[in-house]
Structure formats: C-alpha cells, structure tokens
Amino acid sequence: MIKKILSTLLVSSALFVFLATSSMAERPKFSLGYTAAYGGYVASGQENEGAGAVEITKEEESGEFGYSSFFIEMSFADRITVGASWMMDEVDTAVSERTDALCNTASETDPRVCPRVGDTGTSKVQAEFSDLVTGYIELNIWNGLYAKYGVMEMNVETKETLHTDSTYPNATMDGETYGLGWKGSFDNGVFIKTETLMQDWSDLKIEATGATGTDNNTSVEASLSGAVATVSIGKAF
C-alpha cells in the first residue's frame, strides 16, 4: 500500500511540475555524482529436482552487502528530480553447499525428501549480482526531505558445481525501490544526499540444463527483498 501511494504521488507530482516549468525561464539543473550503499537482504529459494516424485529443498538466507554506483540527474524548479544510476561493482554471495545421500529406508520412505537410488553427491552454489541499473524520480517534500521511487534491473550470474552434472543459466531480475531521503546543497553546486530505501525484486525461476545420465529435471525458484542505506555526493552544473 505504501509503495502504491508513493509511486502514484511521485508520478502525478512529476507531471504537474513538468507542465508548470514548461513556461518558466529557469533551465533544469544537470548533476552527476557517486553513491555508496550498504544494505541487508533476505532471499528465499526452492529447488525442485526429479520427475514424478519431485525432491523439494527449501532454504532462506540473509546477508549484508555494500556496493557503489554512479548517477546522473536532472532537476526541475528544485522540486522534482529525474535520474539514473549504474552499479560499479559486482556482489558475490557466500557459497552454499548441500550433500544428497540415499534414504535410510528404515526411517525415511518419502523420495521427495531423499532419493532411494542414485542421485547422490555434493552440490555447491554461488551467485554474482552485477550491472544494477536504476531509473528513479524524487519529489522534494520540505526543507531537503524528499520521497523517491525507482525501477531496477540487474544481472544474475550463477556459479555452481552440481552433483547432477547440470548447470543453471544466467538471468536478469527486475525490481522496484522506494523510500525517503535528504539533500543538502552548498553555494558551489556540490551537494550530499542520504537515503533509506526498500527494494522489492520480482520472483526468479530458472531451469537447469545439460544434465548427463541423471533424470533430474532441476529448477530453482527464488525471491529477494532488502533495505538499503545510501550516502551520495554530487555536483550540479
């Protein structure tokens, strides 16, 4: 609900300011700068392995990551700002490891939990996130305080060693970000910004390919969300 209200407010305000400034002599201000971000993320995933009696494994992981980005902005009448940012780093997750063993038929008989024959071994999985691109809009509320809404896209490179001899393809994730920030400016055009933002990413589903000798029909479904704090420094021209 908060996200919908914020995005509607920003879009409607942007249209109003664009119409209002179209007849004004003041030209838009162009800015560029650097952002340092640090945030906490929660990811939940499910791996589906096999045909028929599917073996299902669910996990939830959390972690903290930092990254930097470069941004370009254009501000109108000191009221509305439209911009884009590009992440300058790659972020790697920790290596996750799992070992599949045969069922102990005396205590476990469900093949969805463990296999009765074959399909055993250790798998290691890691992901690298890169090329995060964000397009955003900011609405100045009061005395440097502003609301922000943006859309995001980033690449996900899978790095895995699976005991099933299969591999996961790389993928792209889309998401939304929204929150509040504060901006302070100096007479020479230099400014600083701090923000607290939420990130909601669309669910991801990828299917493994290239399996040899194993009827695994493996796929992964994952969701990701997080909260980020940022500090930026820029220069208006």
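Novice: Hey, could you run me through the overall build of the chain in this one?
Specialist: The helix and strand tally for the chain stands at 1 helix and 11 strands. Sequence-ordered secondary structure for the chain, helices as α and strands as β, is α-β-β-β-β-β-β-β-β-β-β-β. With 237 residues in all, the chain has 38% of them scored as buried. Restricting the contact set of the chain to residue pairs at least 6 apart, pairs at least 24 apart contribute 70%.

Novice: I tried to follow the layout of surface pockets on my own but got confused; where do I start?
Specialist: By volume, the second largest pocket amounts to about 370 Å³. The wall of the second largest pocket is formed by 20 residues, among which Ser75, Asp78, Thr81, Lys183 and Ser185 lie closest to the centre. For the lining of the second largest pocket, the secondary structure elements donating two or more residues are β1 (29–49), β3 (80–87), β6 (121–142), β8 (171–185) and β9 (190–201). Take the lining of the second largest pocket: its biggest share by element is 3 residues, from β6.

Novice: Before we go on, may I ask you to explain the nonpolar core in this structure?
Specialist: With 20 residues, the main nonpolar core has Tyr67, Phe129, Leu132, Met154, Met173, Trp201 and Leu224 as its most contacted residues. For tyrosine 67, the residues in contact, after removing those within four places along its chain, are Thr35, Ala36, Ala37, Tyr41, Met87, Asp89, Val91, Leu132, Gln199 and Val228. Core analysis: the second largest hydrophobic core is formed by 6 residues, Phe76, Ile80, Leu139 and Tyr178 among them.

Novice: What's the story with the side chain of serine 232 in this structure? I'm lost.
Specialist: The residue serine 232 is located in strand β11 (residues 219–236) in this model. The exposure class of serine 232 is buried, given its relative accessible area of 4%. Reaching out from serine 232, the side chain makes a polar contact with the side chain of threonine 35 at a distance of 2.6 Å. If we ignore the near neighbours within four places in the chain, the residues touching serine 232 are Tyr34, Thr35, Phe71, Phe191, Ile192 and Lys193.

Novice: Please explain the pattern of salt bridges as it appears in this structure.
Specialist: Side chains bearing opposite charge may pair, as long as their charged atoms lie close to each other. Enumeration over the complete set of coordinates arrives at 5 salt bridges. Between lysine 29 and aspartate 78 there is a salt bridge; the shortest N-O distance is 3.6 Å. Of the two residues, lysine 29 is situated in strand β1 and aspartate 78 in the loop between β2 (55–76) and β3; the sequence distance between them amounts to 49 residues. Here lysine 29 falls in the partly exposed class, since its relative accessible area comes to 34%. Measuring nitrogen to oxygen at the nearest pair gives 3.1 Å for the salt bridge that ties glutamate 195 to lysine 148. With glutamate 195 in strand β9 and lysine 148 in strand β7 (residues 145–161), this pair connects stretches of sequence that are 47 residues apart. Given a relative accessible area of 8%, lysine 148 falls into the buried group. The network of salt bridges with common partners includes Glu73, Glu138, Lys148, Lys193 and Glu195.

Novice: Would you explain the pairing of β8 in this entry?
Specialist: Every regular strand shows the same layout, with side chains that alternate between the two sheet faces. In terms of strand pairing, β8 meets β9 through 11 bridges, oriented antiparallel. Its bridge partner being in β9, glycine 179 is matched across the sheet by leucine 197. Connecting β8 to the next strand, β9, in antiparallel fashion are 4 residues, including glycine 189 with a positive phi near 95°.

Cut-off values and rules
Residues numbered from 1 in each chain as written. Predicted model: local features only at pLDDT ≥ 70, side-chain atom pairs only at ≥ 80, totals over all residues. Heavy atoms only, no water. Helix = DSSP H or I, 4+ residues; strand = E, 2+ residues; numbered from the N terminus. Buried < 20%, exposed > 50% of the residue type's maximum accessible area, 1.4 Å probe, protein only. Contact = heavy atoms within 4.5 Å. 1 Å grid on protein atoms, 1.4 Å probe; cavity = no way out; pocket = protein on both sides within 12 Å on 5 of 7 lines; lining within 4 Å. Points joined across faces, edges and corners; volume = space filled by probe spheres on them. Core = buried A, V, L, I, M, F, W, Y, C linked by side-chain atoms within 4.5 Å. Polar contact = N/O pair within 3.5 Å; in protein donor to acceptor, adjacent residues only side chain to side chain. Salt bridge = Lys/Arg side-chain N within 4 Å of Asp/Glu carboxyl O. Pairing = 2+ DSSP bridges.

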